Amino acid sequence: MVGDPALSASRTAPLRFNLNSFLLALSTMLDFVESDLLGVASNHGRRVAYITARLIERAGLSDAEIFDAVALALLHDNGLTEALLTSSALPVNVERMRHAENLTAHCEIGEHNLAAFPFLTEVRGAIKHHHEQYDGQGFFGLAGEDIPLAARIIGFADYVDLLFDFSTPDQANREKIADAVAGMRSQAFSPRNCDLFDEIAAKPAFWLDLQDDFIDQALKERVPDIWQELSWDRILEISRVFSRIVDCKSQFTQRHSSGLEEKAARMAEFYQFDHETNIKVRIAASLHDIGKLAIPNSILDKPDRLTPFEFRKMQEHTYYTRRCLERIEGFADITEWAANHHERLDGSGYPLGLTAGRLDFNSRLMACLDIYQALTEERPYRRSLPHREAMAILRPQAEDGLLEKGIVADLDQVFAPPA
Ligand SMILES: [Fe+2]
Ligand SMILES: [Fe+2]
Ligand SMILES: [Fe+2]
Ligand SMILES: [Fe+2]
């Protein structure tokens, strides 16, 4: 049983980590956010990253600079959900979503969120200034060469992908886009970026690479293969950026992932997991609902009871969690613990309907903790339940063979308020 305290070995070796393959896995989820909030086509982040890579390699920069620029491009709007959640400047309706990118806060929050990232080069200002315009008409009024180079290039890639439809690589569409880019020369875009774009856009492969069927492979080919040794603690810090994005996506669950991570840490201490297992359980907790980024806000934010159709849609989130995390090297057990949190020992859970024999100790722990966390957190439509009432809901589920009895009893011991 993975994570069983009796069996856990003392392993603290760092992970051989490729930030961009990690981000490519998670960017499928980030792209769902942009599709849902801004109504842009799928694969937006990948196309922005691909165009960025092509421009920046053409600009003669180093592999490390290309690598970082791709990472930043994949993450350029990481501050969007938090800016939207914390802003009162826009009315609460669907239109508000559409204007989320007009909030300058998403640039500042996005920049701040990435402080813990293991970038290889100096990247300050790249996210903060991705909405600057060459003529100084952007969010913070920087102009020309004062805009950091990566911000100029990511901003260019972002803007052209938002403005134009790259899904039709025919000649007429290519010419339309090339003309429009030329029309914004020295206004939104730097002359240098327009020239570089002309060069790369002259090749048919550029347009074909941007198609949904090929963008993944095309982007991977453009990213230099750079690996770093990172501690699991550092990977936990990076993972928290994504749990914040998830928590901020819905006003109803603002502290859910971070709260679950805290409780997972308490249980990991209680079970005396070795350091690596302790941190991996916390990473799994912080990313367990990453698949919710693929669920529309119309469902996540619905204050009333979900219809059966909406409920089935909501249930898909753990499928997406699995599909996202399983792509990350070294995350095999984290994927299981995170993606199994709605499975039940009797096979009545989802999305796979796994039974006891397929659910290891930490998967069972995550299932119990997720329910406990949800019940004890404040929701706009109900108060948080005190420990006693939460346990009164958990215990019968353990009695009925859905949850691990021993873990439910341990939760009662660890989280009971002092008498
Ligand atoms: Fe943006
Ligand atoms: Fe964008
Ligand atoms: Fe969940
Ligand atoms: Fe959850």
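What counts, and at which threshold
- Residues numbered from 1 in each chain as written.
- Chains lettered and ligands numbered in written order.
- Predicted model: local features only at pLDDT ≥ 70, side-chain atom pairs only at ≥ 80, totals over all residues.
- Heavy atoms only, no water.
- Helix = DSSP H or I, 4+ residues; strand = E, 2+ residues; numbered from the N terminus.
- Rg over C-alpha atoms; globule rule 2.2 N^0.38 Å.
- Buried < 20%, exposed > 50% of the residue type's maximum accessible area, 1.4 Å probe, protein only.
- Contact = heavy atoms within 4.5 Å.
- Areas by Shrake-Rupley, 256 points an atom, 1.4 Å probe, with all protein chains shown as cover.
- Lys, Arg positive; Asp, Glu negative; His and termini not counted.
- Charge placed at Lys NZ, Arg CZ, Asp CG, Glu CD.
- Domains from an automatic or database assignment.
- Buried area = accessible area lost by both parts, 1.4 Å probe.
- Salt bridge = Lys/Arg side-chain N within 4 Å of Asp/Glu carboxyl O.
- Polar contact = N/O pair within 3.5 Å; in protein donor to acceptor, adjacent residues only side chain to side chain.
- Phe/Tyr/Trp six-rings, centres within 6.5 Å; stacked < 30°, edge-to-face > 60°.
- Lys NZ or Arg CZ within 6 Å of the ring centre and 35° of its normal.
- Donors = N, O, S within 2.8 Å, 3.2 Å for Na, K, Ca; no water.
- Tetrahedral: all angles 85-135°; square planar, octahedral: opposite > 155°, others 65-115°.

Student: How would you explain the overall build of the protein if you had to name every residue and give the values?
Tutor: Scanning the protein for helices and strands turns up 21 helices and two strands. At 23 Å, the protein has a C-alpha radius of gyration in line with the 22 Å of a compact globule built from 419 residues. Taken along the three principal axes of its C-alpha coordinates, the protein extends 70 × 45 × 40 Å. Counting across all 419 residues of the protein, residues that qualify as buried make up 56%. Excluding contacts between residues fewer than 6 apart, the proportion of contacts in the protein whose partners are at least 24 apart in sequence is 71%. Summing over all exposed atoms, the protein offers an accessible surface of approximately 17,800 Å²; the carbon and sulfur share of this is 51%. Measuring between centres, the 44 positive side-chain charges of the protein sit 4 Å from its 64 negative side-chain charges.

Student: Quick rundown of the domain arrangement of the protein? Include the residues and the values.
Tutor: What the domain assignment lists for the protein is domain 1 (19-222) and domain 2 (231-415). Distance from the C-alpha centre of domain 1 to the C-alpha centre of domain 2: 32 Å. Each side of the interface is counted separately: domain 1 has 26 residues, and domain 2 has 27 residues. Together, the buried faces of domain 1 and domain 2 total about 2,300 Å²; carbon and sulfur atoms form 73% of this surface. The salt bridge partner of Glu 82 is Arg 244, with a shortest N-O separation of 2.6 Å. Where domain 1 touches domain 2, the interface holds four residue pairs in polar contact (both at pLDDT 80 or more). Contributions of two or more residues to the side of domain 1 that touches domain 2 are made by α1 (19-38), α4 (80-86) and α11 (215-222). Here the side of domain 1 that touches domain 2 gets twelve residues from one element, more than from any other, and that element is α1.

Student: Describe the packing of aromatic side chains, listing the residues and the values that go with them.
Tutor: This structure, assessed with the given rule, holds 20 aromatic pairs. A ring pair is formed by Tyr 372 and Phe 415, whose centres lie 5.2 Å apart and whose planes are at 20°; its orientation type is stacked. One end of the pair, Tyr 372, is in helix α19 (residues 361-376); the other, Phe 415, is in helix α21 (residues 405-415), with 43 residues separating them in the sequence. When its relative accessible area of 3% is taken as the criterion, Tyr 372 is described as buried. Its relative accessible area of 11% is what places Phe 415 among the buried residues. Through successive ring pairs, a cluster of aromatic residues spans Tyr 50, Phe 156, Tyr 159, Phe 166, Phe 189, Phe 197, Phe 206 and Trp 207. Over the ring of Trp 227 we find Arg 16; its NZ or CZ atom is 4.3 Å from the centre of that ring. Seen from the ring of Phe 140, Lys 128 lies directly overhead, with NZ or CZ sitting 5.0 Å from the centre.

Student: Can you tell me about the coordination of the iron ion (ligand 4), naming the residues and giving the values?
Tutor: Taken together, the protein donors to the iron ion (ligand 4) comprise His 256 (NE2), His 288 (NE2), Asp 289 (OD) and Asp 370 (OD), at separations of 2.2 to 2.3 Å. What the four donor atoms of the iron ion (ligand 4) show is an angle range of 81 to 172° at the metal, which sorts the shape as irregular. Spacing between the donor residues of the iron ion (ligand 4) along the chain follows H-x31-H-D-x80-D. A separation of 3.4 Å is found between the iron ion (ligand 4) and the iron ion (ligand 3), which share Asp 289 as a coordinating residue. With His 288 in the loop between α14 (275-287) and α15 (297-300) and Asp 370 in helix α19, this pair connects stretches of sequence that are 82 residues apart.

Student: Can you break down the pattern of salt bridges residue by residue, with the values?
Tutor: This structure, assessed with the given rule, holds 28 salt bridges. One network of salt bridges, in which partners are shared, links Asp 31, Arg 46, Asp 216, Lys 220 and Arg 327.

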